[in-house]
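Now for the letters of each chain:
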Amino acid sequence: MRNLNWLMLLLALLLVSCSQKQQQLSEEDQFVEDLLAKMTLAEKVGQLNQYTSRWEMTGPAPKDNAGAQDLLEQLKAGSVGSMLNVNGAEATRKAQQTVVENSRLGIPLIFGYDVIHGYKTMFPIPLAEAASWNPELARLSSEVAAKEAAVSGINWTFAPMVDVGRDARWGRVMEGAGEDPYLGSAFAKARVEGFQGDDLGNEFTIAACAKHFAGYAFSESGRDYNSVEIGNETLHNIVLPPFKATVEGNVATFMNGFNTINGLPVTASGYLQRDLLKGEWNFDGFVVSDWNSIGEIETHGAAADLKESAERAIKGGSDMDMEARAYINHLEELVIEGKVDEELITEAARRILRIKYRLGLFEDPYRYCNVENEKSMMYTDEHKAAARKVARESMVLLKNDNQILPLSSETKRIAVVGPLANDKDSPLGNWRAKAVSHSAVSLLEGVKAAVGSSTKIKYAEGCQLSIGPRNFTDRMIFNESDRSGFRAAVKAARQSDVVLLAIGEDCYQSGEGRSMTDITLKGLQQELFDEIYKVNKNIVVVLMTGRPVAIPEIAEKATAILETWHSGTEGGHAIADVLFGKYNPSGKLPVTFPRNVGQCPIFYNYKNTGRPTGQTDAWVLYSCYNDAPNSPQYPFGYGLSYTQFDYSDITLDKNTITKDGKINVSVSVSNSGSVDGEEVVQLYIQDIAATYARPVKELKGFEKVMIKAGETKTISFELTEKELGYYFPCGKYVVEPGQFKVFVGGNSVDVKQAQFVMQ
Ligand code: NOJ
């Protein structure tokens, strides 16, 4: 009995100490709460306010564009919590000093910038990196970009963009990881980890931002900023998974979008931002609006004025206002009028202060502004080598007849032709941060550096590109009449053994605000191809684009096609590495290439429909076009190698699994060619009969493996309820018993198939 009493006492003491511990705040929380307790309402609102620098605008100028003097006063008053587009160690230090030394509480600014695929050393565009199917490369490029940005005073990048992009017309398809949520999630997480490292407080890491939450890429007709109408089943299964993956990767911030979904501006969506992101997913960072997306609530027609927009946005869970000036002008008033609970503002400020704390800004507000590091750690040989490595692994070999590639570096005569052949600017892409214009290695330079002295290179531009808008007020400039360069190009082609024809898109032809109704090659490029084809059939098309393009004639006639995207600072060297076989191409398309624009949006994970074609001879009255096939030019997951990979049949370790069980899927892949190569082994499933019709294929696993010539490797995947369930439109994840098909192959079409049952 006495022993029992002692036991009870011990238990009671244990319980008390546990609950005390629970109540104890972490150092971070304590710091933030103490600071919040000192802050006035106006100071809290100040933390929610973000302005751009006056010298770099990445959105339309706001109506109430405060002048430089006014900005200075607001900084000193603590009315600004963050700035974007201020960069450079000195400039950020100066702005930081203004705030820290003059405002009452000296709360440091957080500096945001669009560091999308590099800061000064440019990596390939994100779509290209996804084509590597190697998330480690995205981690590497983000890590380098973070380092270069961090030493320039930037603590926060507005990346990664994790919007699943199915529509080649949409200009920003270049900025994401393509059309698939599974591949997109892997890249989203890797990018976040690359930018943020394990410790946000490290002076060489920066906070990441998952954007644009949510649905932005589904803009109707591929026109940027357009409305979005999607069902909840698509929202939960296609749009949201990469966002969720970034939360699992501890992303520090989110950015919402310009768009409405089914009429509701996402900036005001309490469901997305409060219930889901901050509630169910437990995200503890903050949400910044997109540029004036709070102001655009009014323009959409979902608020009467800016004040009501501010009310809807804060209630909807938008924590920071980028350039709408809605919060700074209206939140205090809304609290005083009793329309907005002050706690909502405190909560938003808490989230922002938390991230500033994690970045170490309270410890040292100047941690990221290091002029010495800025000089020595920028654009280094190591960074350029990383850019070259990532670029060459991002390229996709779309065609290679007669094994024309790889070229021998002893090839006697090579014509390097086309408007992009000696373009040192387009490979940099248009989200180029601090890259120096015209600083990329061009294809011509790359080829010259790769060949021996016995190779004769003839260069001709052929025609000029059509030029995408450089500034907000520019229009596209089409070059459709100047054929004066054709002659020299044709002559060079005639006198050569092989023609490297560099065609595609100017860097400003894709990206934000650069949607297209025509995704064929613009201007005279097709004509140039046709003229060259008349005199030399050995054409290797080096395609440089920021989106999938429709090239049916080129696909038919060119001997080889290498999609190199906008490949960054070291582009020319990386392309030459592939062309001359120093690197065996291993990229696979992260997006479907349509035959023509009318097929858009086209993607591999479509639903079967009630009338699929191809199952009977009947054509009319089935789901098809009458003037073109349904199938794409090049499917998702597709890409060739200089070697040949052969797949065995699939082996399953069982034919039946339970809901909480797992099934092992394996194949043997043999390299039956004569060179070593990497293959991306892809696994897809189909849930054959479900409550809500499932796609004909869904990617649920991939592995990139090096297989030596003559070697065979066994690749295994495990499927569990994590891969086999799906979201109901209400957002609930459900695993339904029944028949499943499983497919494995080197792209989404050429696959081996097996079947199993879930009980
Ligand atoms: C608008 C873009 O949509 C967004 O992605 C970007 O981060 C901001 N402008 C800031 O430049």
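Preceding this section is the structure that the text describes.
Bear in mind the structure is a predicted one, so any value in this text is a computation, not a measurement.

Asks: Please provide a residue-by-residue account of the overall build of the protein, values included.
Replies: What the protein contains, in helices and strands, is 23 helices and 27 strands. By the compact-globule yardstick of 27 Å for 759 residues, the protein fits well, its C-alpha radius of gyration being 27 Å. Expressed as a percentage of its 759 residues, the buried residues of the protein come to 60%. Excluding contacts between residues fewer than 6 apart, the proportion of contacts in the protein whose partners are at least 24 apart in sequence is 79%. Carbon and sulfur atoms make up 49% of the accessible area of the protein, which totals about 29,400 Å². The centroid of the 78 positive side-chain charges in the protein is displaced by 3 Å from the centroid of its 97 negative side-chain charges.

Asks: Can you break down helix α14 (residues 326-336) residue by residue, with the values?
Replies: When we look at burial in α14, the residues that qualify are Ala326, Tyr327, His330, Leu331, Leu334 and Val335. Around the axis of α14, the buried residues are gathered within 135° of arc, so they sit on the same side. Buried residues in α14 make contact with α3 (41-47), α13 (306-316), β10 (321-322) and α15 (342-358). Positive phi appears at Gly338, one or two residues downstream of α14, with a value of about 80°.

Asks: Give a detailed account of the packing of aromatic side chains, specifying residues and quantitative values.
Replies: A ring pair, where both rings are aromatic, is described by two values, the distance of the centres and the angle of the planes. Per the counting criterion, the structure on display carries 26 aromatic pairs. A centroid spacing of 4.7 Å and a plane angle of 55° characterise the contact between Phe31 and Phe362, whose relative ring orientation is tilted. Placement of Phe31 in helix α2 (residues 27-38) and of Phe362 in the loop between α15 and α16 (371-376) is noted, with a sequence separation of 331 residues between them. Take Phe362: its relative accessible area is 22%, and that puts it in the partly exposed class. Centre to centre, the rings of Trp156 and Phe286 are 5.2 Å apart; their planes meet at 70°, and the pair counts as edge-to-face. Highlighted residues: Trp156 in strand β4 (residues 156-157) and Phe286 in strand β9 (residues 286-288), separated in sequence by 130 residues. Assigned by exposure class, Trp156 and Phe286 land together as buried. By the ring-pair criterion, three or more aromatic residues cluster together here, those being Trp133, Tyr182, Tyr604, Phe636, Tyr684 and Phe702.

Asks: Explain the site of the ligand residue by residue, including any values.
Replies: Near the ligand you find Thr58, Leu84, Asp114, Phe158, Arg172, Lys211, His212, Met255, Phe258, Asp290, Met322 and Glu512, and these make up its full shell. At a separation of 2.5 Å, an oxygen atom of the ligand approaches a polar side-chain atom of Asp290. When the ligand sits alone it has 290 Å² of accessible area, and the protein chains cover 100% of it. Using a 2 Å cut-off from the grid points, one finds that the ligand occupies the largest cavity. Split by residue class, the shell around the ligand holds five nonpolar, two polar and five charged.

Asks: Run through the sheet that holds strand β13 (residues 456-460), naming residues and quoting values.
Replies: As summarised here, the arrangement of the six strands in space is β11-β16-β15-β14-β12-β13, forming an open sheet in which the pairing is mixed. Whereas interior strands pair on both sides, the edge strands pair on one side only; in this sheet they are β11 (396-400) and β13. Taken over all neighbouring pairs, the strand axes of this sheet differ in orientation by 15° on average, direction set aside. Pairing geometry for strand β12 (residues 413-417) and β13, over five bridges, is parallel. Each bridged residue has a counterpart across the sheet, and for Ala415 the counterpart in β13 is Lys458. Running over the sheet, helix α18 (residues 443-450) touches β12, β13, β14 (498-504) and β15 (539-544) and is turned about 175° from β13.

Asks: How would you sum up the sheet that holds strand β6 (residues 253-256)? Please name residues and give values.
Replies: Strand order in the open sheet formed by three strands is β5-β6-β9, with parallel pairing between adjacent strands. Of all the strands in the sheet, the pair left with one neighbour each is β5 (209-213) and β9. On average, each strand axis in the sheet is inclined to that of its neighbour by 30°, with strand direction left out of account. Running at roughly 155° to β5, helix α10 (residues 241-248) makes contact with β5 and β6 of the sheet.

Reading guide: rules and limits
- Residues numbered from 1 in each chain as written.
- Predicted model: local features only at pLDDT ≥ 70, side-chain atom pairs only at ≥ 80, totals over all residues.
- Heavy atoms only, no water.
- Helix = DSSP H or I, 4+ residues; strand = E, 2+ residues; numbered from the N terminus.
- Rg over C-alpha atoms; globule rule 2.2 N^0.38 Å.
- Buried < 20%, exposed > 50% of the residue type's maximum accessible area, 1.4 Å probe, protein only.
- Contact = heavy atoms within 4.5 Å.
- Areas by Shrake-Rupley, 256 points an atom, 1.4 Å probe, with all protein chains shown as cover.
- Lys, Arg positive; Asp, Glu negative; His and termini not counted.
- Charge placed at Lys NZ, Arg CZ, Asp CG, Glu CD.
- Arc of directions from axis to C-beta.
- Phe/Tyr/Trp six-rings, centres within 6.5 Å; stacked < 30°, edge-to-face > 60°.
- Near = heavy atom within 4 Å.
- Polar contact = N/O pair within 3.5 Å; in protein donor to acceptor, adjacent residues only side chain to side chain.
- 1 Å grid on protein atoms, 1.4 Å probe; cavity = no way out; pocket = protein on both sides within 12 Å on 5 of 7 lines; lining within 4 Å.
- Sits in = over half its atoms within 2 Å of the grid points.
- Nonpolar A, V, L, I, M, F, W, Y, C, P; charged D, E, K, R; others polar.
- Pairing = 2+ DSSP bridges.
- Axes fitted to C-alpha atoms, helices over the stretch in contact; angles between N-to-C directions.

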